[in-house]
Number of protein chains: 4
Amino acid sequence: MIIVMKPQAKESSITNIIDIIERKGLQAHLSAGKEVTIIGVVGDKSQLDNQNLEIAEDVDKIVTVTESYKLANKKFHPEPTIVQVGNVFIGGDELVIMSGPCAVESKEQVLETAHAIKKSGAQILRGGAYKPRTSPYAFQGLEEEGLRFMKEAREETGLSVICEVTSLAAIEAAVKYVDMLQIGARNMQNFYLLKEAGKSGLPVLLKRGLSATIDEWLNAAEYIIAEGNPNVVLCERGIRTFETATRNTLDISAVPVIKTKSHLPVIVDPSHATGVRGYVKPLSRCAIAAGADGLMIETHPNPSIALSDGPQSLNFSQFEELCNDLRPFANLAGKKF
Amino acid sequence: MIIVMKPQAKESSITNIIDIIERKGLQAHLSAGKEVTIIGVVGDKSQLDNQNLEIAEDVDKIVTVTESYKLANKKFHPEPTIVQVGNVFIGGDELVIMSGPCAVESKEQVLETAHAIKKSGAQILRGGAYKPRTSPYAFQGLEEEGLRFMKEAREETGLSVICEVTSLAAIEAAVKYVDMLQIGARNMQNFYLLKEAGKSGLPVLLKRGLSATIDEWLNAAEYIIAEGNPNVVLCERGIRTFETATRNTLDISAVPVIKTKSHLPVIVDPSHATGVRGYVKPLSRCAIAAGADGLMIETHPNPSIALSDGPQSLNFSQFEELCNDLRPFANLAGKKF
Amino acid sequence: MIIVMKPQAKESSITNIIDIIERKGLQAHLSAGKEVTIIGVVGDKSQLDNQNLEIAEDVDKIVTVTESYKLANKKFHPEPTIVQVGNVFIGGDELVIMSGPCAVESKEQVLETAHAIKKSGAQILRGGAYKPRTSPYAFQGLEEEGLRFMKEAREETGLSVICEVTSLAAIEAAVKYVDMLQIGARNMQNFYLLKEAGKSGLPVLLKRGLSATIDEWLNAAEYIIAEGNPNVVLCERGIRTFETATRNTLDISAVPVIKTKSHLPVIVDPSHATGVRGYVKPLSRCAIAAGADGLMIETHPNPSIALSDGPQSLNFSQFEELCNDLRPFANLAGKKF
Amino acid sequence: MIIVMKPQAKESSITNIIDIIERKGLQAHLSAGKEVTIIGVVGDKSQLDNQNLEIAEDVDKIVTVTESYKLANKKFHPEPTIVQVGNVFIGGDELVIMSGPCAVESKEQVLETAHAIKKSGAQILRGGAYKPRTSPYAFQGLEEEGLRFMKEAREETGLSVICEVTSLAAIEAAVKYVDMLQIGARNMQNFYLLKEAGKSGLPVLLKRGLSATIDEWLNAAEYIIAEGNPNVVLCERGIRTFETATRNTLDISAVPVIKTKSHLPVIVDPSHATGVRGYVKPLSRCAIAAGADGLMIETHPNPSIALSDGPQSLNFSQFEELCNDLRPFANLAGKKF
């Protein structure tokens with residue numbers, strides 16, 4: 001932590017800051033430059049959390065040099081984390097594909113999808129039972145009934161299953177049926193939900209918020225891990241920018257950035273990032289090439305009548321073709337698939 | 001709703017779209033241009049919700065011409081809504097100032113603040129008992145105890161009180177103590193929470209999400225109103241942009257835009273928008289001049305030791321000076337204060 | 001300038017950095033913390049410009065603590081600059097309104113506009129003779145003929161006149177006819193043009209780029225001032241964000257931020273910021289309340305047939321009404337108008 | 001073009017719009033819905049360019065359905081364009097790599113770089129002789145002397161060469177020395193420069209502006225092509241967003257979007273997009289996987305003393321390793337390299 005003083009800061013203001021630092025048992029290192037004086041703080045800076053030094057006299061700004069997340073930080077945990085979901089391992093040498101419909105609509109739809117995606121190579125079935133929708137008049141999900149269909153699909157196919165949760169009630173229901181919880185982009189900073197997901201004991205897929213920085217995303221993961229649950233997988237799904245040619249802007253750089261800053265696995269969701277079926281293939285290739293540990297791809301038996309996100313969903317033959325296309329890219333990037 | 005066909009769309013593709021529209025009981029109006037053909041849809045377009053016409057053959061794009069929010073829409077409710085909070089009215093001819101600490105820390109802090117802000121002219125006491133914080137290691141709030149202090153402050157001063165809620169449990173506690181619920185920016189699209197707030201019967205202050213468009217914000221309000229609770233007040237508190245000189249970018253245009261699109265009252269929070277105490281005064285003036293119905297201003301007996309957001313909080317003499325400064329601006333803008 | 005080392009940086013890496021710093025004649029101040037070591041640099045940091053310390057071994061990041069602009073910086077020039085344009089003074093105790101059409105279309109249009117805006121209180125006539133347009137098929141301006149019309153309007157009315165310049169040729173023509181040059185948002189980082197505008201000797205209105213940070217904007221001003229031309233006025237005209245309800249997002253906070261960081265005058269252009277005529281009044285009030293030194297408002301004798309930006313232009317009676325509305329706000333904010 | 005009327009629009013307002021449309025020789029198709037009436041316009045809509053129908057009475061908004069760029073539009077030119085630069089072809093079945101220093105510093109530096117990158121497989125040498133820099137105090141380039149060094153490198157190695165131009169004077173100099181002109185991100189909407197580059201007869205590399213939408217970028221290309229110069233190559237180099245972990249956010253989706261909307265070749269510059277050397281490899285792989293026709297990669301004999309952008313530059317052994325790494329990805333994506 002570095003405190004930058006204003007030019008011409010009074011001697012007494014500098015002394016005051018040093019006093020506060022030393023009174024808390026930390027050390028202050030002074031660098032008096034021609035224009036400005038800076039004060040480096042050495043020691044446990046959490047002692048200073050509520051001192052609000054920014055508004056002490058003659059302070060220009062505070063620069064923090066260490067990240068606020070610790071458990072998600074690669075600096076303190078250099079080995080990559082491998083997260084087990086049912087009998088699937090994310091973050092190791094396998095490319096993991098999660099696929100299925102945006103929304104669970106019926107038992108038949110879920111079972112048909114599960115068989116199809118398994119045949120093409122996917123390892124995890126996704127399907128929303130609790131749907132966060134922009135408009136209250138859009139389809140909101142089958143809730144617990146949807147979870148039951150997912151469990152049946154797991155039993156029939158051996159696929160692991162994942163569902164999004166949007167409330168404590170949804171978590172309490174989901175733990176009875178699924179292998180992994182998903183926290184959606186809109187809830188990435190619903191800290192209450194993060195803590196409850198942490199307590200659930202299930203692995204958690206944490207989607208990046210539409211306007212979340214990578215640091216905020218890792219702090220959100222920290223909430224889950226801090227509850228004793230280290231099994232967090234991150235999912236880049238596009239951020240909000242001024243560009244409207246795609247629904248969101250896939251921040252593909254997030255993949256190597258996460259690999260540099262954290263030990264957690266990271267996957268990519270090109271379906272939600274673009275909102276356009278035709279861009280799923282190039283961006284899936286791209287995610288693999290950038291080093292992602294997996295993909296989340298929306299599929300539907302008949303996208304033209306899907307109750308949610310049809311325009312970005314693939315049908316089964318398109319998904320089959322996609323998997324075949326991706327296989328050599330995965331292998332080239334060092335992943336089995 | 002307008003369907004734009006691709007150039008050289010096949011006759012059969014156009015017929016197909018018209019068939020779908022007419023089969024659902026709507027009318028299709030065809031405009032065949034030199035480059036492209038467009039099809040206007042007349043009737044209840046919700047009938048087409050799950051038809052995913054975007055991916056039908058030769059369709060280029062779908063343009064929606066009506067907003068998805070109805071209850072929050074000025075078109076269908078031209079009279080401005082006035083929301084009653086205790087004995088305060090927001091959206092009428094009075095400028096309403098909500099003030100208090102970011103986080104409730106102690107009974108003394110809350111009572112001292114309540115007396116001070118009332119003296120300067122504020123009508124509503126704010127104070128967070130459930131704090132959403134980026135890092136799990138930051139102070140998370142006093143929870144129900146904090147709510148109790150707020151209620152005591154109300155009883156002592158006659159001020160109305162508002163608290164942020166972040167979960168169903170928090171709502172269940174808050175309804176016993178406060179006059180108005182606040183949904184924070186990070187929970188603006190926590191649709192589960194919006195519905196529960198709607199059911200609570202209390203008026204709701206709905207902050208704009210950091211990356212929410214005004215349309216999404218009004219759709220979030222729609223979730224609350226659709227539960228039978230029309231008492232929603234909107235609060236602009238800055239959006240996330242590339243600029244880092246302020247913590248967020250106050251989108252002041254949102255005030256006249258909301259006044260044009262909706263009948264709901266709108267207030268402005270310059271403290272969170274900028275994160276800098278020195279900018280609170282110019283931006284408060286600015287909000288009033290733009291037509292805001294009120295302000296939310298953070299105050300603290302001693303900002304330099306505030307447990308949350310100290311750097312943007314005013315002390316009591318600064319708040320007193322602010323209110324005096326704002327009074328003539330409010331009057332000029334047609335508001336009593 | 002502060003160099004933050006990686007955790008577990010090798011002793012030799014730290015010594016290496018200190019050597020580089022000291023070899024350049026600067027001092028290095030070391031703070032060895034538990035997690036990281038930081039090195040404060042004292043002295044003329046321009047000596048280190050091409051050392052690229054970011055990529056030296058074990059360096060985590062470089063934090064700069066001083067701004068790269070000097071001449072535009074309030075720290076070294078605390079007195080506000082007042083810029084003279086013809087016989088108008090911007091940055092003093094007068095509110096200055098620049099008004100006129102987006103594009104100069106004819107002599108009659110310009111003269112009619114000049115008389116009308118003068119009557120309502122504007123002091124400077126604006127009008128584009130060189131128009132930067134997104135599409136090459138849109139009207140590109142009358143060029144030198146347009147400048148001549150502006151000069152005639154000045155002679156007839158006594159108003160000062162300003163025109164946008166987009167090339168060296170345009171500057172060479174404009175200096176013969178106008179009192180102030182305008183650098184548009186799209187050219188804010190056309191450094192070649194900035195230097196030429198600096199050399200012209202005329203005062204310069206520098207609009208903020210659509211995605212320019214305030215620091216980049218002040219660095220652009222520095223380019224002009226560094227050519228010996230201190231007469232720069234800044235103009236906030238909206239930045240690009242995800243919000244589409246307005247054409248751009250007016251960053252009103254930029255006004256107090258500029259007043260804090262720089263001594264240069266700053267005005268606001270609500271017409272371009274919003275692109276909507278109906279929002280010009282609330283945002284003009286707002287700019288004045290925030291402390292702006294002036295406004296730029298588009299007017300046209302008949303906006304419905306304007307060759308450029310008609311939808312955001314006011315007709316003369318709307319402009320007259322606007323000026324009357326703004327007068328008491330200006331006075332309250334301490335400006336004569 | 002579609003005109004959406006306000007709810008309860010008066011009959012006379014609708015008639016007025018239809019009159020304007022028909023008077024200009026176009027056809028109006030009316031769809032009168034329950035809530036709103038829409039009017040489709042058929043015919044040459046450029047006739048309506050200056051009618052500003054947005055502000056006619058009772059008009060809610062105008063929706064355009066055709067792109068304003070024609071020559072750059074794939075709809076009217078379905079075959080991909082292949083651009084010849086010296087003896088290199090961009091947009092065909094070859095992956096083209098442009099490489100070299102951000103800034104030309106000396107003859108030795110340029111020649112050494114040219115030989116090294118040629119050996120590793122690059123086909124085009126890049127090097128800036130006119131440098132647009134945020135601060136006026138940073139190195140501004142060697143100008144014509146730098147161009148001469150580039151030409152010598154071409155003669156010695158047979159590589160084609162490209163230089164950025166920032167003014168008419170720079171274009172006039174560059175045409176004597178180089179094979180391709182580069183328009184940088186900050187000048188993407190310097191329409192004057194675009195026209196001059198169009199007239200030069202040389203192929204042009206057009207970088208995307210930091211806040212330019214893909215539509216605006218294609219309109220900028222249209223300016224060049226409209227001067228009779230169809231040899232435009234687009235370069236995605238990152239856009240400005242709120243994320244600060246990378247210098248800009250590489251919008252990799254732009255590659256498939258451009259391939260869908262335009263016939264022009266598109267390459268990717270991962271060096272400028274991220275500003276971090278360590279991210280160049282994953283993002284280069286990624287660009288190839290997404291379908292890019294080439295890459296622009298900064299290299300320098302000794303990045304730690306580069307006068308510009310050292311931290312993102314590769315040294316020659318890193319570049320050699322990169323090219324070897326990329327070869328199988330290029331082949332898998334169907335490109336020779």
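Parameters at a glance
- Residues numbered from 1 in each chain as written.
- Chains lettered and ligands numbered in written order.
- Predicted model: local features only at pLDDT ≥ 70, side-chain atom pairs only at ≥ 80, totals over all residues.
- Heavy atoms only, no water.
- Helix = DSSP H or I, 4+ residues; strand = E, 2+ residues; numbered from the N terminus.
- Buried < 20%, exposed > 50% of the residue type's maximum accessible area, 1.4 Å probe, protein only.
- Contact = heavy atoms within 4.5 Å.
- Areas by Shrake-Rupley, 256 points an atom, 1.4 Å probe, with all protein chains shown as cover.
- Lys, Arg positive; Asp, Glu negative; His and termini not counted.
- Charge placed at Lys NZ, Arg CZ, Asp CG, Glu CD.
- Axes fitted to C-alpha atoms, helices over the stretch in contact; angles between N-to-C directions.
- Parallel < 35°, antiparallel > 145°, perpendicular 65-115°, else oblique.
- Left-handed = near helix turned anticlockwise from the far one by under 90°.
- Nonpolar A, V, L, I, M, F, W, Y, C, P; charged D, E, K, R; others polar.
- Salt bridge = Lys/Arg side-chain N within 4 Å of Asp/Glu carboxyl O.
- Domains from an automatic or database assignment.
- Phe/Tyr/Trp six-rings, centres within 6.5 Å; stacked < 30°, edge-to-face > 60°.
- Least-squares fit on C-alpha atoms with pLDDT ≥ 70 in both.
- Polar contact = N/O pair within 3.5 Å; in protein donor to acceptor, adjacent residues only side chain to side chain.
- UniProt positions renumbered as here; feature names shortened; annotations may be inferred.
- Expected span 1.5 Å × (residues − 1).
- Arc of directions from axis to C-beta.
- Pairing = 2+ DSSP bridges.
- Buried area = accessible area lost by both parts, 1.4 Å probe.
- Right-handed = clockwise from strand over helix to strand, strands pointing away.

**Q** Would you mind showing me how to read the overall build of chain A here?
**A** Helix and strand counts for chain A come out as 10 helices and 14 strands. Taking the principal axes of the C-alpha coordinates as reference, chain A spans close to 75 × 40 × 40 Å. A total of 337 residues make up chain A; the buried ones form 64% of that total. Contacts spanning at least 24 positions in sequence make up 68% of the contacts within chain A whose residues lie at least 6 apart. Accessible surface, chain A: about 11000 Å² in total, of which carbon and sulfur atoms supply 48%. When the 36 positive and 41 negative side-chain charges of chain A are each reduced to one mean point, those points stand 2 Å apart.

**Q** I keep staring at the packing of helix 9 (residues 280-290) of chain B against helix 10 (residues 316-332) of chain B and nothing clicks. Help me out?
**A** The axes of two packed helices give the description: the angle between them and the distance between them. All names here are of chain B. Contact pair helix 9 / helix 10: the axes reach a minimum separation of 10 Å and the direction vectors enclose 25 degrees. Between helix 9 and helix 10, the angle falls in the class roughly parallel. In the packing of helix 9 onto helix 10, the handedness of the crossing is right-handed. Along its contact with helix 9, which presents Val-280, Lys-281, Ser-284, Arg-285 and Ile-288, the element helix 10 presents Glu-321, Leu-322, Asp-325, Leu-326, Phe-329 and Ala-330. Each residue belonging to the contact of helix 9 with helix 10 can be placed in one class, and the counts come to six nonpolar, one polar and four charged.

**Q** How do you make sense of the pattern of salt bridges when you look at a structure like this?
**A** Oppositely charged side chains are able to pair whenever their charged atoms sit close together. Counted by the stated rule, this structure contains 84 salt bridges over all chains. Between Lys-259 of chain D and Asp-293 of chain D there is a salt bridge, and its shortest N-O distance comes to 2.6 Å. Remark: Asp-293 of chain D occurs in the loop between helix 9 (280-290) and strand 14 (294-298) and Lys-259 of chain D occurs in helix 7 (residues 254-261); sequence separation between them is 34 residues. Note on Lys-259 of chain D: relative accessible area 30%, which makes it partly exposed. Given the relative accessible area of 2%, Asp-293 of chain D is considered buried. Residues joined in a network through salt bridges with shared partners are Arg-208, Glu-236 and Asp-251 of chain A together with Glu-243 of chain D.

**Q** What's the story with the domain arrangement of chain A in this structure? I'm lost.
**A** Accessible area lost on assembly of the parts is the figure often given for the size of an interface. Split into domains, chain A comes out as domain 1 (2-63) and domain 2 (74-332). Inter-centroid distance (C-alpha atoms) of domain 1 of chain A to domain 2 of chain A is 44 Å.

**Q** Is there a simple way to explain the packing of aromatic side chains in this structure?
**A** For any pair of aromatic rings, the description consists of the separation of the ring centres together with the inter-plane angle of the planes. All names here are of chain B. Summed over the entire model, instances satisfying the criterion amount to four aromatic pairs over all chains. With a centroid separation of 4.5 Å and an interplanar angle of 25 degrees, the aromatic rings of Phe-191 and Tyr-223 are classed as stacked. Taken together, the residues span a long stretch of sequence, with Phe-191 in helix 5 (residues 191-200) and Tyr-223 in helix 6 (residues 214-225) at a distance of 32 residues. Each member of the pair Phe-191 and Tyr-223 is classed as buried.

**Q** What should I look at first to understand the relation of the copies chain B and chain A in this one?
**A** Each of the two chain copies can be generated from the other by rotation about an axis followed by a shift along it. Here chain B sits on chain A after a turn of 180 degrees about the axis and a move of 0.0 Å along it, with an RMSD of 0.0 Å. Look at the turn and shift together and you get a two-fold axis relating the two. Taking the C-alpha atom as reference, chain B places Ser-211 of chain B closest to the rotation axis, 2.8 Å from it. With an isologous cut-off of 70% or more, the 100% of interface residues of chain B that recur at the interface of chain A puts this contact in the isologous class.

**Q** I would appreciate a short explanation of the interface of chain D and chain C in the present structure.
**A** Contact with chain D, which involves 42 residues of that partner, is made by 41 residues of chain C. At the boundary of chain D and chain C, one finds two salt bridges. The salt bridge partner of Arg-240 of chain C is Glu-216 of chain D, with a shortest N-O separation of 2.6 Å. Viewed at the interface, chain C and chain D are joined by 20 residue pairs in polar contact (both at pLDDT 80 or more). Residue assignment for the side of chain D that touches chain C shows that the elements contributing at least two residues are helix 5 (191-199) and helix 6 (214-225) of chain D. The biggest single contributor to the side of chain D that touches chain C is helix 6 of chain D, with four residues. Taken together, the residues that form the side of chain D that touches chain C break down as 17 nonpolar, 17 polar and eight charged.

**Q** I'm lost on the side chain of Gln-109 of chain D in this one. Help?
**A** Residue and element names in this part refer to chain D. Mapped onto the secondary structure, Gln-109 falls in helix 2 (residues 107-120). Here the side chain of Gln-109 touches Ala-103 through a polar contact of 3.2 Å, landing on its backbone oxygen. A distance of 3.4 Å separates a polar atom in the side chain of Gln-109 from a polar atom in the side chain of His-300. With residues up to four places along the chain from it excluded, the contact list for Gln-109 reads Pro-101, Ala-103, Val-104, His-300 and Pro-301.

**Q** Quick question: what am I supposed to make of the UniProt feature "domain: DAHP synthetase I/KDSA" (unreviewed entry) in chain A here?
**A** In this structure's numbering, the residues bearing the UniProt feature "domain: DAHP synthetase I/KDSA" (unreviewed entry) are residues 87-322 of chain A. Helix makes up 37% of residues 87-322 of chain A and strand 16%, with an end-to-end C-alpha separation of 24 Å.

**Q** What is the right way to read unusual backbone geometry from this model?
**A** The phi torsion of most residues other than glycine is negative, and most of the peptide bonds are trans. The backbone of Glu-143 of chain A sits at a positive phi, close to 55 degrees, despite the residue not being glycine. Among the secondary structure elements, Glu-143 of chain A is positioned in the loop between strand 8 (124-126) and helix 3 (144-157).

**Q** Explanation requested: helix 1 (residues 11-23) of chain C in the structure shown.
**A** Each full turn of the α-helix corresponds to 3.6 residues, which orients residues three or four apart in the same direction. All names here are of chain C. Between the first and last C-alpha of helix 1 there are 18 Å, a value that for 13 residues agrees with the 18 Å anticipated at 1.5 Å per step. Turning to helix 1, its buried residues number three or more, namely Ser-13, Ile-14, Ile-17, Ile-18, Ile-20 and Ile-21. Relative to the axis of helix 1, the buried residues are bounded by an arc of 160 degrees and lie together on one face. Projecting away from the buried face of helix 1 at angles above 90 degrees are the exposed residues Glu-11 and Arg-23. Against strand 1 (2-5), strand 2 (27-32), strand 3 (37-42) and strand 4 (59-63) lie the buried residues of helix 1. Backbone geometry just after helix 1 places Gly-25 at a positive phi near 85 degrees.

**Q** Any chance you could explain the sheet that holds strand 14 of chain D here in plain terms?
**A** Backbone hydrogen bonds are what pair the strands of a sheet, in a parallel or an antiparallel way. All names here are of chain D. Pairing is parallel in the closed barrel, where eight strands are placed in the order 7-8-9-10-11-12-13-14. Averaged over all adjacent pairs, the angle separating strand axes in this sheet is 25 degrees, with direction ignored. Here strand 11 (residues 204-207) runs beside strand 12 (residues 232-236); their pairing, made up of four bridges, is parallel. Counted as the bridge partner of Leu-206 is Leu-234 from strand 12. The sheet contacts of helix 3 (residues 144-157) involve strand 8 (124-126) and strand 9 (160-164), and relative to strand 9 the element is tilted by about 165 degrees.

**Q** Just checking my understanding: could you explain the interface of chain B and chain A for this structure?
**A** Of the residues lining the interface, 42 residues belong to chain B; the matching set on chain A comes to 42 residues. Of the roughly 3700 Å² buried between chain B and chain A, counting both surfaces, carbon and sulfur atoms make up 51%. In terms of surface lost to chain A, no three residues of chain B exceed Ile-55, Tyr-137 and Arg-240 of chain B, which account for 16% of the buried area on that side. The tally of links from chain B across to chain A stands at two salt bridges. Summed over the shared surface of chain B and chain A, the number is 21 residue pairs in polar contact (both at pLDDT 80 or more). Broken down by element, the residue count for the side of chain B that touches chain A peaks at four residues, all from helix 6 of chain B.

**Q** What exactly am I supposed to notice about the pairing of strand 1 of chain C here?
**A** Successive side chains on a regular strand alternate, one facing one side of the sheet and the next facing the other. Residues and elements named next belong to chain C. A two-sided burial pattern is seen for strand 1, the buried positions comprising Ile-2 and Val-4 on one face and Ile-3 and Met-5 on the other. Sheet analysis places strand 1 next to strand 4, joined by four bridges and oriented antiparallel. Across the sheet, the residue bridging to Met-5 is Val-59, located in strand 4. Taken together, the three bridges between strand 1 and strand 3 define a ladder with antiparallel strand orientation. Each bridged residue has a counterpart across the sheet, and for Val-4 the counterpart in strand 3 is Ile-38.

**Q** Would you explain the sheet that holds strand 10 (residues 180-183) of chain B in this entry?
**A** All names here are of chain B. One closed barrel holds the eight strands; their spatial order is 7-8-9-10-11-12-13-14, and the pairing between them is parallel. Ignoring strand direction, the axes of neighbouring strands in this sheet form an average angle of 25 degrees. The sheet contact formed by strand 8 (residues 124-126) and strand 9 (residues 160-164) spans three bridges and is parallel. Bridge pairing in strand 9 places Ile-124 opposite Ser-160.

**Q** Sorry if this is basic, but what is going on with the pairing of strand 12 (residues 232-236) of chain C here?
**A** All names here are of chain C. In terms of residue burial, strand 12 counts as a mostly covered element, since five of its five residues are buried. In terms of handedness, the path from strand 11 (residues 204-207) via helix 6 (residues 214-225) over to strand 12 forms a crossover that is right-handed. Here three bridges tie strand 12 to strand 13 (residues 266-268), and the two strands are oriented parallel to one another. When the bridges of strand 13 are listed, Glu-236 appears paired with Val-268. Of the crossover connections in this fold, the one passing from strand 12 over helix 7 (residues 254-261) to the parallel strand 13 is right-handed.

**Q** Please clarify how the environment of Thr-241 of chain C should be interpreted in this entry.
**A** Along the polypeptide, Thr-241 of chain C turns up in the loop between strand 12 and helix 7. Among the residues examined, Thr-241 of chain C registers a relative accessible area of 10% and is labelled buried. For the pair formed by Thr-241 of chain C and Val-266 of chain C, sequence separation is 25 residues and the distance between their alpha carbons is 21 Å. When near neighbours in sequence (up to four residues on either side) are disregarded, Thr-241 of chain C contacts Phe-242 of chain A, Ile-239 and Thr-241 of chain B together with Thr-249 of chain C. From its side chain, Thr-241 of chain C meets the backbone nitrogen of Glu-243 of chain C in a polar contact 3.2 Å long.

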